[in-house]
Amino acid sequence: MRNILLTVSYDGTDFCGYQRQDDADGNEAGRTVQGEIEKVLFKIHKQKVSLHGSGRTDSGVHAIAQKANFFSPIDSIPAEKYARVMNSFLPQDIRITDSKEVEQNFDSRLSATSRIYRYFISTSHALPAYNSRFVWYVKNYDYNLERLNKYASCLKGELDCASFAASGDISVSTCRYIEKASFFTKKDLFDNELLVFEIEANAFLWKMVRTLTGTLINLDKNNAPEDAMLKILEAKDRTKAGVTAPPNGLFLYDIKFDGIRRHI
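Tallying secondary structure elements over the protein chain gives 5 helices and 10 strands in all. For the protein chain, the spread of C-alpha atoms along the principal axes amounts to about 60 × 40 × 40 Å. Looking at the protein chain residue by residue over its 264 residues, the buried ones come to 49%. Within the protein chain, residue pairs in contact and separated by at least 24 positions form 71% of the contacts whose partners lie at least 6 positions apart. Between the averaged position of the 35 positive side-chain charges in the protein chain and that of its 34 negative side-chain charges there is a distance of 1 Å.

Below you can see the structure in the form of structure tokens.
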């Protein structure tokens with residue numbers, strides 16, 4: 001069987017997250033990205049085909065380049081044609097942007113060396129309607145980019161991120177290896193400025209990126225001391241951190257497979 005790797009983009013607004021959720025009887029409990037794609041794979045292959053994703057985005061979270069692989073029991077469809085074939089069946093809020101054959105031992109989750117997330121924030125006087133599903137609108141906020149990056153500068157290397165884990169997180173360890181974290185600005189398609197928080201790590205705790213974002217924005221709004229974020233990190237206590245930012249501003253931006261695989 002061929003191992004096919006997909007690059008998946010989706011608007012997560014109307015999904016219960018990426019990962020398929022089944023009830024006690026094995027029936028799908030809510031609309032998920034994995035579930036919708038597997039329905040199409042079943043239609044194409046006439047049998048159940050499991051999809052293996054690189055990350056499990058939460059309800060309302062989007063993706064630019066989620067990676068997911070599956071094993072195809074048929075040879076009639078060229079690997080690079082799967083994107084076009086699958087898009088003809090998929091709902092409009094999921095698009096396969098690329099498909100290719102990879103080695104048999106490739107696994108989208110286990111082979112990934114890092115994940116990159118971007119969180120988009122608007123501070124304009126009024127949020128444009130076209131952005132309402134894809135940014136966090138923070139009113140009356142005059143951000144200080146230099147100060148935000150000073151706060152975020154402590155987010156590098158092997159860290160215990162317990163202060164930013166949601167209650168109910170079932171991770172064995174709260175330690176993660178963060179490659180980089182920073183803020184920058186960029187223009188959207190209609191030339192409106194957005195504040196962007198980008199973070200790359202080997203993996204993330206449940207709601208970690210959203211909690212980091214909410215905490216950093218709160219520190220900046222309150223003109224906190226430069227070492228405030230470091231103190232929150234060192235506390236290893238979720239009650240010391242700030243609010244969890246809403247899901248609609250968060251995008252799984254990319255997955256890397258060519259770095260150092262860190263087991264933390």
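There's more to say after this.
Running from N to C, helix α3 (residues 145-152) and helix α4 (residues 208-221) point in directions that differ by 130°, and their axes come no closer than 10 Å. The angle between the axes of α3 and α4 places the two elements in the oblique class. The interaxial crossing formed by α3 with α4 has right-handed handedness. Along the contact surface, α3 presents R147, L148, Y151 and A152, while α4 presents L216, I217, L219 and D220. Among the residues forming the contact of α3 with α4, the class breakdown is 6 nonpolar, no polar and 2 charged.

A few words now on the nonpolar core. Ranked by internal contacts, the top residues of the largest apolar core, which has 67 residues, are I37, M86 and L155. The greatest single-element share of this core, amounting to 6 residues, is contributed by α4. With near-sequence residues (within four places) excluded, M86 lies in contact with L6, I37, V40, L41, I44 and I96. Formed by 5 residues, the second largest nonpolar core is a distinct cluster that contains F120, V135, L194 and V196.

Turning to the environment of K48, a few remarks are in order. Mapped onto the elements, K48 comes out in the loop between α1 (33-45) and β2 (52-53). Classification of K48 as exposed rests on a relative accessible area of 65%. Each C-alpha atom, one on K48 and one on E38, is 7.6 Å from the other, the two residues being 10 residues apart in sequence.

Moving on to the pairing of strand β5 (residues 114-122). When you tally the buried positions in β5, you get 9 out of 9 residues, the bulk of the element. Of the two faces of β5, the one carrying S114, I116, R118, F120 and S122 and the one carrying R115, Y117, Y119 and I121 are both buried. As judged from the 6 bridges shared by β5 and strand β10 (residues 250-256), these two strands associate in the antiparallel manner. Across the sheet, R118 pairs through a bridge with F251, a residue of β10. Pairing analysis gives 7 bridges linking β5 to strand β9 (residues 193-201), with the strands arranged antiparallel.

Here the idea is simple: oppositely charged side chains can pair when their charged atoms come close. For the structure shown, the criterion picks out 14 salt bridges. Close ionic contact of R133 with D11 constitutes a salt bridge, the shortest N to O distance being 2.9 Å. Residue R133 is located in the loop between β5 and β6 (136-137), and its partner D11 is located in the loop between β1 (2-10) and α1; the two are separated by 122 residues in the primary sequence. Note on R133: relative accessible area 33%, which makes it partly exposed. With its nearest N and O atoms 3.5 Å apart, the salt bridge here joins K256 to E200. Remark: E200 occurs in strand β9 and K256 occurs in strand β10; sequence separation between them is 56 residues. The buried category is assigned to E200, whose relative accessible area is 6%. Through salt bridges that share partners, R31, E36, K39 and D93 make up one connected network.

About the cut-offs
- Residues numbered from 1 in each chain as written.
- Predicted model: local features only at pLDDT ≥ 70, side-chain atom pairs only at ≥ 80, totals over all residues.
- Heavy atoms only, no water.
- Helix = DSSP H or I, 4+ residues; strand = E, 2+ residues; numbered from the N terminus.
- Buried < 20%, exposed > 50% of the residue type's maximum accessible area, 1.4 Å probe, protein only.
- Contact = heavy atoms within 4.5 Å.
- Lys, Arg positive; Asp, Glu negative; His and termini not counted.
- Charge placed at Lys NZ, Arg CZ, Asp CG, Glu CD.
- Axes fitted to C-alpha atoms, helices over the stretch in contact; angles between N-to-C directions.
- Parallel < 35°, antiparallel > 145°, perpendicular 65-115°, else oblique.
- Left-handed = near helix turned anticlockwise from the far one by under 90°.
- Nonpolar A, V, L, I, M, F, W, Y, C, P; charged D, E, K, R; others polar.
- Core = buried A, V, L, I, M, F, W, Y, C linked by side-chain atoms within 4.5 Å.
- Pairing = 2+ DSSP bridges.
- Salt bridge = Lys/Arg side-chain N within 4 Å of Asp/Glu carboxyl O.

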